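A closer look at the structure
Here are the chains, one letter per residue:
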Amino acid sequence: MWWIYALLSALFAALTAIFAKIGVENVNSNLATAIRTVAVLIMIWLIVIVKNEVRGITELSTRNWVFLIISGLATGISWIFYFKALQMGEVSKVAGIDKLSLALTIIFAVVFLHEELSWKTAVGASLIIAGTLFLIWK
């Protein structure tokens with residue numbers, strides 16, 4: 001079932017890029033990012049409250065808090081750069097280059113999390129890197 005969620009994530013990420021490109025037109029990219037962030041904040045807290053998942057907050061360890069906050073900061077920084085790139089570039093190229101994050105995630109997972117690197121994953125990551133270079137170079 002995990003792959004269904006992953007495919008849905010990809011679908012909504014694609015829609016995000018299209019909607020964001022339209023929404024960032026003639027708008028400061030930082031302001032656009034702030035508005036998007038508030039929308040996400042409201043949506044996810046409503047889901048957590050409606051599903052009565054707030055009670056889990058007391059079970060979080062210090063390690064959970066630290067890494068979730070760092071992850072949130074990394075997300076925010078990513079969004080700031082993404083919106084600026086969308087404002088300046090073509091959405092098809094910006095979104096494609098943004099997906100270099102997949103290859104970087106594979107590398108980081110191997111280095112920091114000691115995950116196994118299969119030949120299929122290595123080839124896939126290499127193709128993503130090559131594709132990114134094709135998008136950047138004219």
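Attention here is on the structure that accompanies the text.

The next point concerns helix 2 (residues 29-50). Over its 22 residues, helix 2 runs 32 Å from end to end, which matches the ideal 32 Å to within 8%, given 1.5 Å per residue. Within the sequence span of helix 2, burial applies to Ser29, Ala32, Thr33, Arg36 and Val48. The arc that holds the buried residues of helix 2, viewed along the axis, is 130°, so those residues lie on one side. Exposed residues lying more than 90 degrees from the buried face of helix 2 are Ile35, Ile49 and Val50. In this fold, the buried residues of helix 2 make contact with helix 1 (2-23) and helix 3 (62-88). At the N-terminal end of helix 2, a side-chain oxygen is found 2.8 Å from the backbone nitrogen of Asn30, two or three residues along, and the residue is Asn28. Asn52 sits one or two residues past helix 2 and shows a positive phi near 55°.

About the thresholds
- Residues numbered from 1 in each chain as written.
- Predicted model: local features only at pLDDT ≥ 70, side-chain atom pairs only at ≥ 80, totals over all residues.
- Heavy atoms only, no water.
- Helix = DSSP H or I, 4+ residues; strand = E, 2+ residues; numbered from the N terminus.
- Expected span 1.5 Å × (residues − 1).
- Buried < 20%, exposed > 50% of the residue type's maximum accessible area, 1.4 Å probe, protein only.
- Arc of directions from axis to C-beta.
- Contact = heavy atoms within 4.5 Å.
- Polar contact = N/O pair within 3.5 Å; in protein donor to acceptor, adjacent residues only side chain to side chain.

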